[in-house]
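# Secondary and tertiary structure notes
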Amino acid sequence: MKRYVYINDDNLASDIYCDNRISNRKYTILNFLPKNLWEQFSRFMNQYFLLIACLQLWSLITPVNPASTWGPLILIFAVSSSKEAWDDYNRYLSDKEANEKEVWIVRQGIRKLIQAQDICIGNIVWLRENDEVPCDLVLLGTADPLGFCYVETAALDGETDLKTRSIPSACMGIDVDLLQKIKGAIECPSPDKDIRRFDANMRLFPPFLDNDVFPLTIKNTILQSCYLRNTEWACGVAVYTGNQTKLGMCRGIAEPKLTAVDAMIDRLTGAIFVFQIVVVIVLGIAGNVFKDKEGRKLWYVQYPKEGPWYELLVIPLRFELLCSIMIPISIKVSLDLAKSLYAKFIDWDVEMVDPATGIRSNAANTAISEDLGQVEYILTDKTGTLTENKMIFKRCCISGRFYGNESGDALTDALLLNAVSTGSADVILFLKVMAICNTVIPVRSKSGTISYKALSQDEEALVCAAARLHMVLENKIGNILDINFNTSPMRYEVLDTLEFTSDRKRMSVVVRECQSGEIFLLSKGADETILPLTYSGQQVRTFAEAVEQYAQMGLRTLCLAWHKLEEDEYQEWASMFKEANSTLVDRESRVAEVCQRLERDLEILGVAAIEDRLQEGVPETIETLRKAGINFWMLTGDKMSTAIQIALSCNFVSPEPKGQLLIIDGKTEDEVCMSLERVLLTTRITESEPKDVAFVVDGWALEIAHKHCRKLFTELAILSRTAICCRVTPSQKAQLVELLKLCDYRTLAIGDGGNDVRMIQQADIGVGISGREGLQAARAADYSIGKFRFLKRLILVHGRYSYNRTAFLSQYSFYKSLLICFIQIFFSFISGVSGTSFFNTVSLMAYNVFYTSVPVLVSVLDKDLSERTVMQHPQILFYCQSGRLLNPSTFAGWFGLSLFHAIVVFVITTHSYAFEKSEMEEVGMVALSGCIWLQAFVVALETNSFTIFQHLAIWGNLVGFYAINWIVSSISTSGMHTIMFRLCEQPSYWITMILIVATGMCPVLALKYLRYTYRPSKINILQQTERLGIIEPQSRSSSDKDPPTLSVYEPLLSESPSATRRSVGPAQRFDSFQSPSPPDSTHTRKDN
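Rules and cut-offs
- Residues numbered from 1 in each chain as written.
- Predicted model: local features only at pLDDT ≥ 70, side-chain atom pairs only at ≥ 80, totals over all residues.
- Heavy atoms only, no water.
- UniProt positions renumbered as here; feature names shortened; annotations may be inferred.
- Helix = DSSP H or I, 4+ residues; strand = E, 2+ residues; numbered from the N terminus.
- Contact = heavy atoms within 4.5 Å.
- Pairing = 2+ DSSP bridges.
- Axes fitted to C-alpha atoms, helices over the stretch in contact; angles between N-to-C directions.
- Patch = residues over 30% accessible without salt bridge, like charges linked within 9 Å, V, L, I, M, F, W, Y side chains within 5 Å.
- Areas by Shrake-Rupley, 256 points an atom, 1.4 Å probe, with all protein chains shown as cover.
- Salt bridge = Lys/Arg side-chain N within 4 Å of Asp/Glu carboxyl O.
- Lys, Arg positive; Asp, Glu negative; His and termini not counted.
- Charge placed at Lys NZ, Arg CZ, Asp CG, Glu CD.
- Core = buried A, V, L, I, M, F, W, Y, C linked by side-chain atoms within 4.5 Å.
- Buried < 20%, exposed > 50% of the residue type's maximum accessible area, 1.4 Å probe, protein only.
- pLDDT = per-residue confidence, 0-100.
- Phe/Tyr/Trp six-rings, centres within 6.5 Å; stacked < 30°, edge-to-face > 60°.

What follows is about the UniProt feature "transmembrane region" (unreviewed entry) in the protein chain. This chain's UniProt record puts "transmembrane region" (unreviewed entry) on residues 44–61, 268–289, 818–838, 844–861, 891–911, 923–941, 948–968 and 988–1010. Secondary structure content for residues 268–289 is 100% helix and 0% strand, while the C-alpha to C-alpha distance between its ends is 32 Å. Here residues 988–1010 runs as 100% helix and 0% strand, with 33 Å between its end C-alpha atoms.

Structure, rendered in structure tokens:
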């Protein structure tokens, strides 16, 4: 689809295209209630509770007042709806501010001040310096005589450096007054979200130009939310408005991510639902049988001789309503609130603030914190993620001569300095390419010093190095470059720029030397794309050796080349280049094809080597996380040798003989498959050996393996703890993440640049680093951090605590609901299996919402081990990765505990008051009190670190229970009038409470003591030593001396014998804290 924009003629467009009103709102006043309710009831659990609430309106079957379900249901929905309404109201205020901002436009040749929302397609918008761009514009004119302006795109892509934008060549030389009367048409594609591409054509109508077609690119546009900087004014025609701008198309709600804990809770909820149906069927049948055989004999029941056709359904439905509390209605709200607090803890963590920049960590996704504790694979970018992305020119090879090898810095090498001073032709030409072949913008300060603004750190490093060697890029005015070499000025005109892409992996410029008129092609790029383009006869062996040598030092390499062009040759090519740039369909591939025709017969001038230092703490972070059982994959665009060297220095893999690198290579399908089979066979053999094995693959071999040997590559991915993937594209990074996710592993992807966004969004958890490449990765990620080293704390501290707390909170929520439900079921056996409720309506309504929610919510502050201990012993993350704290086995333990406590409460209560002349309301209140007391002690027993908040929540909640019931008992119409007063005056009530707590908690305490004493887990041992104050950092010397061992995973906790550890690899044992009974050293592997 195409869009035709008529310049300065909004009448043609106003009826076809939308105006510039921005709307990020999800609701309106009219549709809020129905739309929000629809979203709420699209979830199965909410549909279930609504069905239960509706059934309770049927007075014949409801055992309690419908308010016991409708009250909590309405409260929970009201809380959720209020949050949605508040968020949407804030979006409305933001939209209103943007829509009502005043902007200047041109209509009928006159400038007018209107609101931004009234801009139409085709309007000419006039901007002043520091104005925000209200919609997507194609530039028509600027204050600069050469048609350039500077824009800040940080709000769009996160990149803080200013970018240059230029008016189309068709508009060059048009007077300012005539710009207000300009007429023409722009043929552009339909709105899309690609902020780096705009393939369009422009035609200006007479008298300006005679309908000639001029190509437009993204460099001729300024997009919505950018700011005009360092330019007095600029004007442009609106091509995309409102929510159809590129920024508007990028907006939207990301797909929700389902954590492993949430998936397990869903499965457990399903199991409870099935159990509930079975109970309802059994009790329904038993109730109908009892009614027919015994109930009709009871004169006081007065059953009719013949009932309606649905009579058999009454008792089963009554039990369904009675057992509906098995699934806690408050669990979703409790989990959402807890997860929001987990995210805030990450935001507030002062230990994760980068001291150099002041950047804080940020949790953009509040729903997946517990997944951080279950990460099994980390896939990381290299440049800017593991390294500082501060490029420094270190060495070079020019015409076969190496510079910087002896001194370690080419800029101080006497031979190179001498070659520059004597005017060596090869060296001077090499420096010219460094200074000219780039998109760097020189900026001269008031003091006269020159600084450089660059989109690429590599380009900045090359230009700065050339300047230090006296080849100074002094000025760039339009297409004119001013170079100064040893006080000798030179001027070049840039005719065309052949831009860098991830497929071409090179950049070229066509320049004309203004003095001589000669035309040159200057190129720089990766060795595999530059070296094959040399003219026949040039020896490239020395340059290839230089690339290999520098790569083994961990340096980034760029090959520099040039080629002299004839005027006719250039003109012929330029016409093809212009035609390719005018194509609206498949423009990028057409341009690349035309560029390939010019980039040939190159003369290699030399190789530049650039150092990118590792960030502080990267090796230690990777070593610690590897001890935690996390597998690391490095995905980088660098060449293989550089990637391997960085991997060795980062502790990705151990050097020989402890480690072994297995390389997958080949150019054809057969070669890659044979190489892959060989590597896979070696990996299988060395699996039983104490060796750190990693495989290395480049982008070409990876593409073939992914298409033709997917099964073998998947098996290798499962067996290998470490992988180094080099020369990979952004799409290949995302494919590797998807591959591991299909193997059911929890993946975390971390990067810092726009090329990492797809990988970050594909992973279960995306982490972005707010680095020198901008904020694109950080904005697309679930979490953003300032430096890679903060990943250790993010996973080991925040991830582990979040998982532990969520596991307890979710299972406790089921425990308290099952406890009250089992008591109801037991009561049915002494009430004629009639489905009568043991508890009154008020108690049931307040039970889940008030009586038991507060203590469990304070569990978000609980810490089983101190942060220091967790960081010193990362191996304990295995408990989270293997799901030991939340699985069917641990849930069965909580299920059994609720059943046991229900028996204790019911038996003791009924026997204590069997011979008392008590009302059923009174006996029910005694049972409810027993439940509240037991739950207080259960929470206290499961709490590891007490603070004042925990004490207030646990014991204060107990006091609050009595306070609420005293208030209700004082109301004469409540149905509980004086009950709590009478109970509290009876010594038998307090004796019953003591007996319930003692009987219910003593076996639990005994089992916990026996397990803690005779079968302690590693966490129990660390807790004990921590309390004794003898925790010491693990000695690194032992790990340095002993070879890495194959990962040996201890048996699972006694609470969870069925869980298995899914990933294998070397891991550190708890040598300092061995349990008395060493576990069997077997491990299991997940089948795929």
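Still more to cover.
With that out of the way, let us pick up the environment of I315. Within the secondary structure, I315 is located in helix 9 (residues 311–323). Distance from I315 to S834, taken between C-alpha atoms, is 6.4 Å for residues 519 residues apart in sequence. If near-sequence neighbours (up to four positions away) are discounted, I315 is found in contact with L283, G284, G287, N288, K291 and V833.

The backbone of K505 sits at a positive phi, close to 55°, despite the residue not being glycine. Notably, D601 is not glycine yet its phi reads approximately 55°, a positive angle. Positionally, D601 belongs in the loop between helix 17 (587–598) and strand 26 (603–614).

Here we take up the sheet that holds strand 25 (residues 556–565). The antiparallel open sheet is built from 9 strands, whose spatial order is 17-16-26-25-24-23-22-21-20. Each end of this open sheet is capped by a strand with a single partner; those strands are strand 17 (401–403) and strand 20 (471–477). Each adjacent strand pair in this sheet contributes to an overall mean axis angle of 30°, direction not counted. Note that strand 21 (residues 480–485) and strand 22 (residues 488–498) share 6 bridges and pair antiparallel. Bridge pairing links F485 to S488 in strand 22. Contacts from helix 13 (residues 457–468) reach strand 16 (387–398), strand 20, strand 23 (506–513), strand 24 (519–525), strand 25 and strand 26 within the one sheet, and its direction differs from that of strand 16 by about 50°.

Below, the discussion takes up a negative patch on the surface. On the surface, a cluster of negative charge is contributed by D665, E669, D670 and E671. For D670, the location among the structural elements is in helix 20 (residues 669–686).

This part covers the nonpolar core. With 145 residues, the main nonpolar core has I378, L748 and L791 as its most contacted residues. Looking at this core element by element, the count peaks at 23 residues for helix 26 (residues 790–828). Judged by nonpolar contacts, the second largest core, of 51 residues, contains V106, C135, V138 and V239.

To continue, consider the environment of A363. Residue position: A363 is located in strand 14 (residues 362–363). As for A363 and K344, which are separated by 19 residues in sequence, their C-alpha atoms are 7.4 Å apart. Other than its neighbours up to four places away in sequence, A363 contacts A343, I346, D347, D782 and Y783.

The next point concerns the confidence of the model for the protein chain. In the predicted model, the protein chain carries a mean pLDDT of 83, and 90% of its residues have values of at least 70. Within the model, the stretch residues 1033–1088 combines pLDDT values under 50 with 129 contacts to residues more than four positions away or in other chains.

To continue, consider the packing of aromatic side chains. Per the counting criterion, the structure on display carries 37 aromatic pairs. Judged by centre distance (5.3 Å) and plane angle (20°), the ring pair of W126 and W233 falls under stacked. Here W126, found in strand 4 (residues 124–128), pairs with W233, found in strand 13 (residues 233–240); they are 107 residues apart in sequence, far enough to count as distant. Classification of W126 as buried rests on a relative accessible area of 5%. Ring geometry for W573 versus F577: centroids 4.7 Å apart, planes at 15°, classification stacked. One end of the pair is W573 and the other is F577, both in helix 16 (residues 567–581) and 4 residues apart, which spans about a single turn.

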